[in-house]
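Coordinates in review
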Amino acid sequence: MSTAELHAACEALAPLLGTWRGPGEGHYPTIPDFGYLEELSFGHVGKPFLAMTQRTRDPQSDAPLHTEVGYLRPQPNRVMEMVLTQPTGVVEIHHGSIEETGGGVVIELRTERVEGTRTAKPISEVRRRIEVAGDALVTEMWMAAMGQPLTHHLRADLIRA
Ligand code: HEM
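Residues numbered from 1 in each chain as written. Predicted model: local features only at pLDDT ≥ 70, side-chain atom pairs only at ≥ 80, totals over all residues. Heavy atoms only, no water.

So, the overall build of the protein
On a plain count of helices and strands, the protein comes out with zero helices and ten strands. Tracing the protein from N to C terminus, the helices and strands come up as β-β-β-β-β-β-β-β-β-β. Projected onto the principal axes, the alpha-carbon positions of the protein cover approximately 45 × 35 × 25 Å. Buried positions account for 38% of the 161 residues belonging to the protein. When contacts within the protein are restricted to residue pairs at least 6 apart in sequence, those whose partners lie at least 24 apart make up 41%. (Helix = DSSP H or I, 4+ residues; strand = E, 2+ residues; numbered from the N terminus. Buried < 20%, exposed > 50% of the residue type's maximum accessible area, 1.4 Å probe, protein only. Contact = heavy atoms within 4.5 Å.)

Following this line, the structure appears as structure tokens:
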């Protein structure tokens, strides 16, 4: 995204930088199970945040599925903030933690607020986990939505492109 030097506040997030691809699987009590292909990119412009872009596709038809864009805002004392927007009308405002693992990083996040447009599906909480270990990245997501309690929705196992 930039030739700028990575901002010191983002140093712990350096293992995320770049583009990652791989398969994922999803489920939720209200819908049939499904598989997907994901591309996830993290970039920076030398400021104290990373930009994140995610796109998913149907493995059979190649049709676009979910996509989202957001910003990771690391704070002192291994605190992480993140904002994310989705074309489904949902905005997630997260607070969480950064754990450096030596060659990798684990980010755990929980929504302080999740908002939807008037017509968005009802979502009251989202939790996310991103783990990088070398050239492997695992994302997981849980949500309380459609009147269901917090339940696992997604896991994707990606490798560095
Ligand atoms: C990898 C990213 C994702 C993929 C591939 C994915 C895929 C799907 C699919 C295939 C469905 C069922 C069909 C549909 O209603 O369109 C679905 C339903 C849903 N997803 Fe996801 N999703 C993703 C991420 C998310 C995220 C980030 C959220 C919320 C923060 C979310 C919330 C929902 C909700 C609320 C439903 C509706 C369930 C229902 O109608 O009962 N999804 N998702």
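Details of the coordination of the iron atom of the ligand
The expected angle between donors at a tetrahedral four-coordinate metal is 109.5 degrees. At an octahedral six-coordinate metal it is 90 or 180 degrees. The protein supplies the iron atom of the ligand with one donor atom, His153 (NE2), which lies at 2.3 Å. Along the chain, the position of His153 falls in strand β10 (residues 151–160). (Donors = N, O, S within 2.8 Å, 3.2 Å for Na, K, Ca; no water.)

A look at unusual backbone geometry
The phi dihedral of Asp62 falls on the positive side, at around 70 degrees, and the residue is not glycine. Structurally, Asp62 is set in the loop between β3 (50–57) and β4 (64–75). The phi dihedral of Asn77 is positive, around 60 degrees, even though this residue is not glycine.

Quick look at the side chain of Glu38
Note on placement: Glu38 falls in strand β2 (residues 31–43). One buried charged side chain, Glu38, makes no salt bridge at all; its nearest oppositely charged neighbour is Arg128, positioned 7.2 Å away. (Lys, Arg positive; Asp, Glu negative; His and termini not counted. Salt bridge = Lys/Arg side-chain N within 4 Å of Asp/Glu carboxyl O.)

Quick look at the sheet that holds β2
An order of β1-β2-β3-β4-β5-β6-β7-β8-β9-β10 is seen for the ten strands of this closed barrel, with the pairing classed as antiparallel. Neighbour-to-neighbour, the strand axes of the sheet open up by a mean angle of 20 degrees, direction not taken into account. Of the strand pairs in this sheet, β4 and strand β5 (residues 79–85) are connected by seven bridges, and their pairing is antiparallel. Within β5, the residue paired with Val69 across the bridge is Thr85. (Pairing = 2+ DSSP bridges. Axes fitted to C-alpha atoms, helices over the stretch in contact; angles between N-to-C directions.)

Everything listed here is a matter of coordinates, which is why it stays silent on function.
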